[in-house]
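The chain contents come next:
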Amino acid sequence: MATYIKTAYSDAVGILTLNRPERLNAWNTAMRAEILAALNEFSRDDAVGAIVMTGTGERAFSAGQDLEEAHDFDEERAEVWLREWETFYDTLRSLSKPLVMALNGTAAGSAFQVTLLGDIRVAHPEVQMGQPEINAGIASITGPWIMKEMLGMSRTIELTLTGRMMQAQECFDIGLVHHLVPRETVLERSLAIAADLAAKPRLAMRLDKAWLREMTEARFRQSIEAGIRYHREAYASGEPARMMEAFFEERARRRAAAAAS
């Protein structure tokens, strides 16, 4: 039985819900393994024609990587970690069934990347999306790969180097969000879109998705190899650990101040 996710069905649509709200649905290795298992199960199920991924709670779809897990990485663990992400991203890219992202809240860092690896994104006006890794001292390698595929180099540079979060309206205006709807209708709209996709010819859908994957395959693998090189250097320097420690200390101060008020 899964600990960090929930799965359900709505007719021909499989629903995967990230379920770690106390951590803003941030994922660790165990949670990613559960997500992979659920996606593979949906892929094997002939009754499922499309998949919806969403999150529990109103604050976040996912905050991305759980920094407490990444805090103690060294260069060797960083390489293993990138290979784990290669498997995770490759599974998302290789799905023969369409994947709709029902963004109930913020998608940051690797969660932003995961949403972009879905096929269609539905969000509400309070959603934020972005690639803030630089603020935690983490080099962003796979993020710029997928952003460049969708946005071009100029905006990819700006988002990578500033680490800023985009508001939902900006994401909609530049085409990262396809449907901007009221908060309470995000899942309903996502399920309707997924049901429509599930009703389309299965072979044509599979072939279309296979070609879309093939078009971006070489750059994807290049980004993984580059990520291993750059993350080894970053974690060997100790900078990510120092920046994450500063983040934890600031978070503890804010929580103490809020509790005292």
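Everything below is about the structure shown above.
Per-chain numbering applies: the sequence of each chain, read as written, is numbered from 1 onward. Totals for whole chains, interfaces and linings use every residue, but because this is a predicted model, local features are given only for residues with pLDDT of at least 70 and side-chain atom pairs only at 80 or more, for both listing and counting. Remark: hydrogens and water are excluded; side-chain values derive from all non-hydrogen atoms of the structure.

1. What about the sheet that holds strand 7 (residues 120-123)?
Pairing between two strands requires that DSSP report at least two bridges joining them. Helix numbers and strand numbers start at the N terminus; a helix is a DSSP run of H or I with at least 4 residues, a strand a run of E with at least 2. Read across the sheet, 6 strands follow the order 1-2-3-5-7-10 without closing on themselves; strand pairing throughout is mixed. Each having just a single partner strand, strand 1 (5-10) and strand 10 (179-180) make up the two edges of the open sheet. Pairing geometry for strand 5 (residues 99-103) and strand 7, over 4 bridges, is parallel. Its bridge partner lying in strand 7, Met101 is registered against Arg121. In the packing of helix 8 (residues 186-198) onto the sheet, contacts are made with strand 1, strand 2 (13-18), strand 3 (50-55), strand 5, strand 7 and strand 10, and the angle to strand 5 comes to roughly 175°. For this analysis, residues touch if any pair of their heavy atoms sits within 4.5 Å. Fitted lines through C-alpha atoms give the axes, limited to the stretch in contact for helices. The angle between two N-to-C directions lies from 0 to 180 degrees.

2. A word on the packing of helix 5 (residues 142-151) against helix 6 (residues 153-162)
At a closest axis distance of 8 Å, the pairing of helix 5 and helix 6 adopts a crossing angle of 145°. Crossing of helix 5 against helix 6: the hand is right-handed. Packed against helix 5, whose contacting residues are Pro144, Met147, Lys148 and Leu151, the element helix 6 presents Met153, Arg155, Thr156, Leu159 and Thr160 at the interface. A class-by-class count of the residues in the contact of helix 5 with helix 6 yields 5 nonpolar, 2 polar and 2 charged. Helix crossings get a hand from a simple test, with the near helix turned counterclockwise from the far one by less than a right angle marking a left-handed crossing and a clockwise turn marking a right-handed one. Each residue is assigned to one class: nonpolar for Ala, Val, Leu, Ile, Met, Phe, Trp, Tyr, Cys and Pro, charged for Asp, Glu, Lys and Arg, and polar for all the others, Gly among them.

3. Some remarks on the pattern of salt bridges
In what follows, salt bridge is the name for a side-chain nitrogen of Lys or Arg lying within 4 Å of a carboxyl oxygen of Asp or Glu. Within the structure shown, the criterion is met by 20 salt bridges. For Arg232, the salt bridge is made with Glu79, and the minimal N-O distance between the two is 2.8 Å. Of this pair, Arg232 sits in helix 10 (residues 217-237) while Glu79 is found in helix 3 (residues 75-94), placing the two residues 153 residues apart along the sequence. Accessible area is worked out with a 1.4 Å probe on protein chains only. A residue is then buried under 20% of its type maximum, exposed over 50%, and partly exposed in between. On the basis of relative accessible area, Glu79 is assigned to the partly exposed category, the value being 28%. A salt bridge links Arg164 to Glu158, with the nearest nitrogen and oxygen atoms 2.6 Å apart. Taking relative accessible area as the criterion, Glu158 reaches 30% and is therefore assigned partly exposed. One salt-bridge network, in which partners are shared between bridges, spans Arg83, Glu86, Asp90, Arg93, Arg213, Glu217, Arg221 and Glu225.

4. Quick notes on the nonpolar core
Generally speaking, nonpolar side chains in soluble globular proteins are found buried as a group. With 55 residues, the main nonpolar core has Leu16, Ile35, Met53, Leu92 and Met129 as its most contacted residues. The leading source of residues in this core is helix 3, at 7 residues. Non-local contacts of Leu92, meaning those with residues more than four positions away in its chain, are made with Leu39, Met53, Leu99, Val114 and Leu117. Core analysis: the second largest hydrophobic core is formed by 15 residues, Val13, Ile120, Val181 and Val186 among them. The nonpolar core is taken to be a set of buried Ala, Val, Leu, Ile, Met, Phe, Trp, Tyr and Cys residues, with the residues joined through side-chain atoms within 4.5 Å.

5. Focus on helix 11 (residues 239-260)
With 22 residues, helix 11 should cover 32 Å at 1.5 Å per step; its first-to-last C-alpha distance of 32 Å lies within 8% of that length. At its buried positions, helix 11 is contacted by helix 2 (67-70) and helix 10. Here a helix's expected span is defined as the number of its residues, less one, multiplied by 1.5 Å.

6. Notes on the environment of Arg202
Note on placement: Arg202 falls in helix 9 (residues 202-215). For Arg202, a relative accessible area of 40% puts it in the partly exposed group.

7. Focus: the packing of helix 5 against helix 10
Contact geometry of helix 5 with helix 10 gives a least axis separation of 9 Å together with a crossing angle of 160°. As the angle between them shows, helix 5 and helix 10 are arranged roughly antiparallel. Like other packed secondary-structure pairs, helix 5 and helix 10 cross with a definite hand, here right-handed. The residues of helix 10 that touch helix 5, namely those facing Thr142, Trp145, Lys148 and Glu149, are Arg219, Phe220, Ser223 and Ile224. The class makeup of the residues in the contact of helix 5 with helix 10 is 3 nonpolar, 2 polar and 3 charged. The labels follow the angle: roughly parallel below 35 degrees, roughly antiparallel above 145, roughly perpendicular from 65 to 115, and oblique for the rest.

8. Points about the environment of Ala12
If you trace the backbone, Ala12 turns up in the loop between strand 1 and strand 2. Residues Ala12 and Ala50, 38 residues apart in the sequence, show an inter-C-alpha distance of 6.8 Å. Excluding anything up to four places from it in sequence, Ala12 contacts Ala47, Val48, Gly49, Ala50 and Ala198.

9. What about helix 6?
Burial in helix 6 covers these residues: Thr156, Leu159 and Thr160. Mapping the buried residues of helix 6 onto a view down its axis gives an arc of 95°, with all of them on the same face. Helix 6 presents Ser154 and Leu161 as exposed residues on the side facing more than 90 degrees away from its buried surface. Looking one or two residues past helix 6, Gly163 carries a phi angle of roughly 70°, positive in sign. To obtain the arc, one takes the directions from the helix axis to the C-beta atoms.

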